[in-house]
Amino acid sequence: LDTSLQAFQSAGLEAVKLRSKATGVFTGSQPSDFITPLPGHSIARAGASALRVSGPHQNHDFACSSGYLATHHAMQAIDAGQCPAGAVVAGVSLLLKPDSALGLYTMGILSPSGRMRPFDVAADGMVWGEASASLVLQLEDRSSCCSPVEGSAVSCNSALSPSGFVDPGMIQQAAEQALDAAKV
């Protein structure tokens, strides 16, 4: 919620002015760390309640791509007219329970050295950290826009084919969809 309010402030918008408008709230997180006893409760729903907005609210759990998928779905909702005032998108990764980290450690996914070495022969796993970020996608006033998001696309839950290899055709198709959406 804090990063969402900061995103509104950076965009020159007052969250309080959006209260009666259909503004979407889309989040990317691992809901296993946000489980509540209330059915249907999610971090997106909590954000929509706190902001008092009436637009769609959705949480997405797709591991590393959760925030991107939330952005993609927010853009689709804006294009479909479901969020005439725009949308706030937030991605969050918090280590609230040891179960998730223990599971990754048991599977050998976490780096025993505690260092990330992407695309390096010495890479020995991932390092899980905590972070939160938000952005505002708006339709009305783009004068305070920091960086326009013109298009997005997804191909499936991952870019891997059933054989486990990257499928260049799927990546090419997703890239073409994003460029078409951006009218590039």
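Above this note sits the structure.
The rules behind the values
- Residues numbered from 1 in each chain as written.
- Predicted model: local features only at pLDDT ≥ 70, side-chain atom pairs only at ≥ 80, totals over all residues.
- Heavy atoms only, no water.
- Helix = DSSP H or I, 4+ residues; strand = E, 2+ residues; numbered from the N terminus.
- Buried < 20%, exposed > 50% of the residue type's maximum accessible area, 1.4 Å probe, protein only.
- Polar contact = N/O pair within 3.5 Å; in protein donor to acceptor, adjacent residues only side chain to side chain.
- Contact = heavy atoms within 4.5 Å.
- Salt bridge = Lys/Arg side-chain N within 4 Å of Asp/Glu carboxyl O.
- Pairing = 2+ DSSP bridges.
- Expected span 1.5 Å × (residues − 1).
- Arc of directions from axis to C-beta.

A.B. asks: Give a description of the side chain of Ser93 that names residues and reports values.
C.D. replies: Within the secondary structure, Ser93 sits in strand E3 (residues 87-93). Given a relative accessible area of 14%, Ser93 falls into the buried group. Polar side-chain contacts of Ser93 include one of 3.1 Å to the side chain of Trp128. A polar side-chain atom of Ser93 sits 3.2 Å from the main-chain carbonyl oxygen of Gly129.

A.B. asks: Could you give an account of the environment of Ala133, with specific residues and numbers?
C.D. replies: For Ala133, the location among the structural elements is in strand E4 (residues 131-137). For the pair Ala133 and Val89, spaced 44 residues apart in sequence, the C-alpha separation works out to 8.4 Å. If sequence neighbours within four positions are ignored, Ala133 has contacts with Thr3, Val89, Ala90 and Gly91.

A.B. asks: Please provide a residue-by-residue account of the pattern of salt bridges, values included.
C.D. replies: This model, assessed by the stated rule, comprises 1 salt bridge. Across the salt bridge formed by Arg117 and Asp124, the nearest N and O atoms sit 3.8 Å from each other. A residue is classified by how much of its surface remains accessible, and Arg117, at 24% relative accessible area, is partly exposed.

A.B. asks: Quick one: what's the story with the pairing of E3, residue by residue and with numbers?
C.D. replies: Within E3, 6 of the 7 residues are buried, leaving the element largely enclosed by the surrounding structure. Pairing between E3 and E4: 7 bridges, direction antiparallel. In the sheet register, Gly91 faces E4, and the bridge partner there is Ala133.

A.B. asks: I'd love a proper account of unusual backbone geometry, names of residues and values included.
C.D. replies: Glycine aside, a negative phi is what most residues show, and trans is what most peptide bonds show. A positive phi angle, close to 60°, is found at Arg52, a residue other than glycine. Assignment of secondary structure puts Arg52 in the loop between helix H2 (43-51) and strand E2 (57-60). Backbone geometry at Phe119 places phi at a positive 60°, although glycine is not the residue there. Inspection of the secondary structure puts Phe119 in the loop between helix H4 (98-106) and E4. The exposed category is assigned to Phe119, whose relative accessible area is 90%.

A.B. asks: Would you mind going over helix H5 (residues 168-181) in detail, with residue names and values included?
C.D. replies: Its 14 residues place the ends of H5 20 Å apart at the C-alpha level, agreeing with the 20 Å of an ideal helix rising 1.5 Å per residue. Within H5, the full set of buried residues consists of Met170, Ala174 and Ala178. Down the axis of H5, the buried side of the element spans an arc of 70°, and every buried residue falls inside it. Exposed residues lying more than 90 degrees from the buried face of H5 are Pro168 and Asp180. Where H5 ends, the next residue or the one after it, Lys183, has phi of about 55°, a positive value.

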